[in-house]
Every structure is written in C-alpha cells, then in structure tokens.
Amino acid sequence: MFATALPALGDAWALILQPVVLGYLVMGVAMGLAIGVFPGLGGIAGLSLLLPFMFGMDPVLGLALMIGMVAVVPTSDTFASVLLGIPGSSASQATVLDGFPMAKKGEAARALSAAFASSLFGGLVGASFLTLFILIARPIVLAFGLPEMLMITILGLSMVAVLAGRIAFKGLAAAGLGLMVGTIGEADAGGSLRMATYDIPYLTDGLKLVIVGLGIFAIPEIVSLLRQDRSISQGASLGAGWMEGVRDWLANIWLSVRCSIIGVIVGVIPGLGGSVVDWIAYGHTVQTTKDKSKFGKGEVRGVIGPESSNNAKEGGGLVPTLLFGIPGSGSMAIFIGAIALLGSGDIEVGPSMLKNNLDITYSIVWLLALANVVGTILCIAASGPIARLTTIRFTYLAPFLFMLISFAAFQSGQNFEDLLALYAMGLVGIFLRRFDWSRPAFLIGFVLSNPVEKFSNQAFQIASFRFRKSFEGGMDYVFSPIVIVLIIITVISVVLGIRQAKSIMSEGEMQSGQKRAPLIFLLVIAGYLITALINASLIPNHNMTDKIVPLVVGSTALLCCLILLVQMIRKPEGDMIFADREIAGEDADAPYGLWSTLAWFAGLIAATWFVGFILALIGFLVAFLRVRAGAGWVKTLVLTACGVAFMSLMAGALNRDFPPGLLQGAFDLPWPLK
C-alpha cells in the first residue's frame with residue numbers, strides 16, 4: 001500500500017504546486033466566496049455555473065477550480081447566517097441560532113472569526129481523514145464488482161430518500177421522481193426511447209445535470225429573495241473581537257475536534273450531507289455544555305460546533321464520491337458529472353479512479369486542504385466589504401443572476417430548448433421547496449439514475465451467464481459477502497431513517513396549511529409517474545433491460561404517492577404533511593407574487609426566441625431595472641452596459657456562443673449579436 005501511495009502523493013504535490021494550478025485554485029475560491037455570500041446560492045448552484053466550462057479543460061486545472069469553489073462555500077455562507085440571520089445554505093441553518101444574536105449584540109466579528117477558525121480546522125480534518133482512508137480503503141474498493149456497486153448505489157438512494165424530511169414517504173417519492181426524470185431519453189442498453197420522441201430531438205439525449213441543478217436549487221432561492229424586494233441586511237457593522245473569536249475556538253478545541261469527526265462520518269454516508277450535519281453537531285454541542293441557557297441567545301459554542309462539522313463533511317463526502325461514484329451530497333452529485341467532462345473524458349470516479357488515477361485522487365484531497373486555508377484568509381480579508389454588500393437591494397442583483405444561469409444552461413447543450421428546460425425545472429424546484437419535498441433527494445436520484453440502470457443491467461447479464469453454468473456460481477456472484485453486508489446496512493438505514501425522519505427538516509421550518517394546494521401538487525407528481533410507467537410498459541419485451549428500471553422505480557415512487565394520498569385524505573388540515581411556505585413566513589408576506597416574478601424570467605426567454613440572447617438581455621435589464629427596481633435612467637443604462645459587457649467578455653474569453661433567435665436566422669449579424 002505504501003509503495004503505491006507514496007509515489008502517488010509525491011506526484012499529486014508536483015501537480016498541485018504549479019503556479020497555474022494555484023492560480024485556478026485561488027480563482028475557484030474567489031468564485032465560491034462570491035457564491036456563498038448570497039443566501040441559497042450554495043455549492044450546487046456554484047458548481048452548476050462552472051459545469052458548462054469543464055468540457056475538455058485540463059483535469060488538474062478544472063479540479064482546482066471546482067475544489068476551490070466547493071471548499072469555500074461552507075465557510076463563506078457563514079456571512080449570511082451571522083450578518084443577516086438567513087441560512088447561507090442548508091448546511092448553515094444551525095449557525096443562525098447563535099451567530100445572528102451575536103451580530104445583533106455587536107459581536108459579529110467575534111462570531112465570524114470563531115466560525116472561520118472552526119471551518120479551517122474542520123476542512124483540514126476532512127482532508128487528513130480522506131488521505132488516510134484512501135490508503136486503507138484502496139485494496140477493499142478494488143474488490144467491488146458490479147453487484148456490490150449496484151448495492152451501494154441502492155444504499156445511497158435509500159439513505160438520501162428516507163433521511164430527507166419529516167415525512168419519510170415524501171423523501172422516497174422525491175428520490176423516485178428524480179430517478180424517473182433521469183431516465184428520460186434514449187436508454188443506454190437497447191436504445192429505446194422513454195418519455196421522449198424523435199419529433200422532439202432535444203429529449204432523446206435526456207436532461208442535462210447543469211440544467212436540473214440550476215433549476216432545482218438556484219431559481220427557487222433567487223425568486224424567493226426577489227419577491228421580498230428588500231436589501232438582504234439593514235446594517236453592515238461588524239464590531240470588534242476578531243482575536244477573541246479565535247481564542248474562543250482554541251478554548252473549545254476539543255468540541256471542534258468532536259464536531260469535525262461528526263462532520264466526516266455524516267459526510268461519508270451518501271445523501272445525508274449538509275442539511276443534517278449541522279443539526280447533529282449543534283445537538284452534540286448543546287448536550288455537552290453544562291450551562292444550556294445561553295444557546296439561542298448568542299453562545300459562541302453554538303457557532304463553533306456546526307461550523308467545524310460543515311467543512312469536515314466535504315472531506316467525508318468525497319469518500320463515497322471518489323471511491324464508489326456515489327454522491328455524498330448535492331454538490332458532490334454535480335462534481336461527479338463535472339469530472340467526466342474534464343480532459344478527454346477518461347477520468348471516471350469509482351474504483352477505476354483509485355486504480356488508474358491515484359495521483360489525481362490525492363490531488364483532489366490536498367487541493368481541498370489548500371482551498372480551506374486560502375478560503376479562510378480571503379473570507380477574513382473580505383469581511384468588511386461583504387458586510388456592506390449585503391445592504392444592496394436584491395432586486396439589483398437578481399437580473400444579473402438570471403442572466404448568468406441562462407447563459408450557463410445554454411452551454412450544456414447549445415440549444416434554445418435548454419432555456420425552456422431550465423424554466424420547467426425551476427418550476428419543479430419552486431414547488432418542491434414550497435411543499436417541503438426534499439430537493440437534495442430529487443437531485444441525487446437524478447444523478448444516480450444512470451448508475452442504477454447501468455450496474456443493474458450489466459450485473460443481470462453476468463449473473464444470467466453464471467446461473468446458466470451453475471446455480472451455486474450465480475448465487476456466489478449475486479450474494480457475495482460484501483453484498484450481504486450492504487443489504488443489512490441498507491435495511492438498518494431504512495428502519496432507523498423512518499424513525500428519525502420526523503426530526504429532520506429538508507427545507508427548514510415551515511407552517512402547515514390547507515389540504516388543497518399540497519394535494520394538487522401530489523396528484524401532479526402521481527400523474528407524471530403514471531404517464532412514465534405507461535410509457536415504459538410499451539417498450540417491447542425483447543428490450544427488457546430498457547424498461548425494468550423505470551417500471552420498478554416508477555412503481556415504488558407511485559406507491560409512496562398513494563400512501564401520501566391516503567394520509568392526506570385522513571389527516572386534518574394543519575398537519576405537517578400539508579407544509580406550505582405560502583401560508584406563513586417570508587414567502588407568504590412577500591409584496592410580490594410568484595407568477596409576476598417568474599414572468600420576468602419567462603420574458604427574457606421569450607425575447608431570446610425572437611431576437612437572440614444579447615438583444616433580449618438588453619431589453620430585459622433595461623425594463624427590469626426601470627420598472628421592478630425603480631432605478632433612474634443613468635443607473636439603468638450603466639448597469640445594463642456593465643452586464644452586457646461582462647457577458648460578452650466571458651463568452652469571448654471562453655469561446656462560447658449565445659442563444660440565437662429568429663432574427664439571427666434571417667440576418668447575418670456581427671458578434672455578439674449572433
């Protein structure tokens with residue numbers, strides 16, 4: 001093991017310590033810092049924006065850029081939690097409980113420095129654990145065959161689905177829905193079309209990960225903040241106490257160690273990720289503190305515990321991601337897709353990566369450690385300006401975010417239909433968020449749809465051959481010791497998950513309301529699943545491998561929907577099964593409605609169809625800034641010019657095209673209008 005690992009470690013450091021690699025790492029950290037500052041735009045949205053630019057990029061440079069972004073988001077999202085009282089991401093919900101009260105008491109600097117020190121320590125613990133684990137696990141992982149890989153994929157699915165919300169069946173149904181959406185298009189094995197037709201060529205290739213990631217996560221948060229039409233924060237004072245926060249962390253170093261270990265362990269379990277780890281760490285922090293009366297009122301330990309676990313979980317999340325190709329979280333799901341695009345596409349996560357690309361594997365580990373150090377330094381340096389940035393009305397930021405995600409979505413397939421798919425997935429994400437259906441479960445189901453199908457089909461073919469030779473040989477292949485252990489773990493995880501599901505809030509705390517809206521949404525999901533099942537059943541039996549997975553997954557998800565339907569009929573209004581953000585809270589009190597807000601984004605897409613992206617963008621920015629933001633003509637024209645110049649500069653530097661319209665088909669226009 002050491003003879004193999006030590007040269008790989010040396011090669012990894014040689015790759016990392018090149019000035020150009022460090023430059024890309026710092027660039028990724030800076031982008032992650034910018035993304036993490038805005039509530040809701042976490043690592044998933046950030047990586048989704050990067051995904052289109054990964055095609056053909058040098059593997060080490062692409063990894064440096066992505067790891068830089070992934071590593072710093074759990075650090076930079078602390079700004080929103082402490083300064084604004086808004087969770088910067090699902091992984092920083094617990095930090096709000098004590099971080100925001102500290103900021104209101106004038107101790108924002110103390111809270112931030114304690115959080116940054118804890119995040120740095122947790123990130124380094126995660127990277128160290130990953131280094132040792134890869135060394136120990138490599139020979140074990142290489143023993144994994146197709147049945148084992150299929151079983152660990154099912155384990156990941158079972159855990160993410162069940163441990164995704166207060167209503168266990170909602171988590172299962174959300175994961176099943178993601179799997180079914182992932183099967184849209186041409187099947188790998190027999191080439192059958194599912195929920196697609198050659199009359200609509202766009203759907204034959206299926207939906208792209210970048211579009212699903214942006215639609216499910218970025219758009220709902222942008223729309224929610226835009227509807228509230230206010231600045232993110234009313235004040236920008238940090239106060240004093242930078243060194244005091246570091247001393248607080250040193251005084252609670254063993255709490256930080258314990259919570260970092262919790263973060264690593266939770267990160268290793270596929271699908272749990274950030275939405276759970278901070279609450280587990282916070283609960284441990286409260287349990288191990290003698291005086292519990294200060295929690296929720298500005299107790300610094302309530303910041304140190306969750307923040308230590310947040311960054312450590314990224315190292316833990318890379319274990320199932322790199323070793324098995326199973327995403328440990330939503331951001332890791334997109335990370336898997338991005339790795340496949342790098343270079344010539346020959347890097348594949350899973351056992352083959354440890355076998356053929358051990359140096360790249362260790363590069364990822366130590367890029368993660370370096371990114372945590374660089375990210376912490378940048379966060380401290382940027383604290384003052386960022387505190388002032390949060391006083392800008394979000395209405396001025398939203399149109400530029402719509403601009404960026406539209407451009408990013410188009411790069412995934414270079415089709416106008418990419419924008420329509422983005423809007424459609426955005427609607428799905430908005431309603432999943434509104435009715436407390438787990439979006440991480442949906443996304444990970446979508447990502448795992450292809451591995452589930454591939455592993456099950458290949459394992460079925462090999463098992464059939466073994467069974468034809470002898471029954472014992474077939475049973476030994478299908479039920480190996482590793483498979484049996486994984487089946488037992490899966491059953492235990494489901495049982496424990498169902499018991500614990502009520503205490504886990506996948507979309508945060510929310511009020512319950514009337515039956516009508518949640519029931520209609522459930523019926524829409526059930527209707528889609530029924531349609532997909534009928535479509536799959538029409539595939540000829542000689543292509544059984546193309547229909548078996550959609551039939552099994554769709555039937556399971558539909559059964560969960562039917563159980564939910566019975567529960568909704570029997571339970572009274574006000575039960576948590578009828579969770580609805582439009583009943584109470586920020587969404588319910590927002591001065592602007594959902595559909596009037598979405599109409600602006602729809603207008604940008606519709607205008608693009610007629611006149612192309614740049615001309616549509618000019619009209620969109622001018623109209624939005626004048627009408628919705630109420631800006632003066634000078635500010636409107638300056639901001640519009642800056643937005644168009646930025647897009648043109650980025651597209652020119654990356655050699656990318658803009659979505660064309662009917663106008664571009666009729667006239668030969670100069671770049672960037674074409």
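Predicted model, so just to flag it, every value in this text is computed and none were measured. (Residues numbered from 1 in each chain as written. Predicted model: local features only at pLDDT ≥ 70, side-chain atom pairs only at ≥ 80, totals over all residues. Heavy atoms only, no water.)

**Section: the pattern of salt bridges**
Link 1 in the chain: Under the definition given, this model contains five salt bridges.
Link 2 in the chain: Notably, a salt bridge pairs R110 with E244, separated by 3.6 Å at the nearest N-O pair. Separated by 134 residues along the polypeptide, R110 in helix α7 (residues 108–141) and E244 in helix α12 (residues 242–251) bring together distant segments of the chain.
Link 3 in the chain: Taking relative accessible area as the criterion, R110 reaches 15% and is therefore assigned buried.
Link 4 in the chain: The partner of R227 in a salt bridge is E582, and the shortest N-O contact between them spans 2.8 Å. Taken together, the positions of R227 in helix α11 (residues 209–228) and E582 in the loop between α25 (544–570) and α26 (586–589) put the pair 355 residues apart, joining distant regions of the chain.
Link 5 in the chain: Residue class for R227 comes out buried when judged on its relative accessible area of 6%.
Link 6 in the chain: Residue classification places E582 among the partly exposed residues on the basis of a relative accessible area of 25%.
Link 7 in the chain: In this structure, a network of salt bridges that share partners links the residues R110, E244 and D248. (Salt bridge = Lys/Arg side-chain N within 4 Å of Asp/Glu carboxyl O. Helix = DSSP H or I, 4+ residues; strand = E, 2+ residues; numbered from the N terminus. Buried < 20%, exposed > 50% of the residue type's maximum accessible area, 1.4 Å probe, protein only.)

**So, helix α27 (residues 594–611)**
Link 1 in the chain: In this model, α27 (18 residues) spans 26 Å end to end at C-alpha, consistent with the 26 Å of a helix rising 1.5 Å per residue.
Link 2 in the chain: Roughly 25° is the biggest bend found in α27, and it falls at W600.
Link 3 in the chain: Of all the positions in α27, only L594, T597, L598, W600, F601, L604, I605 and T608 are classed as buried.
Link 4 in the chain: G612 lies just past α27 and shows a positive phi near 85°. (Expected span 1.5 Å × (residues − 1). Bend = angle between axes of the 7 residues up to and from the residue.)

**Details of a nonpolar patch on the surface**
Link 1 in the chain: On the surface, F479, I484, I488 and I492 cluster together to form a nonpolar patch covering roughly 360 Å² of accessible area.
Link 2 in the chain: For F479, the location among the structural elements is in the loop between α22 (471–478) and α23 (481–500). (Patch = residues over 30% accessible without salt bridge, like charges linked within 9 Å, V, L, I, M, F, W, Y side chains within 5 Å. Areas by Shrake-Rupley, 256 points an atom, 1.4 Å probe, with all protein chains shown as cover.)

**Details of the environment of M332**
Link 1 in the chain: Within the secondary structure, M332 is located in helix α16 (residues 330–341).
Link 2 in the chain: Spatially, the C-alpha atoms of M332 and I444 are 9.1 Å apart, while their sequence positions differ by 112 residues.

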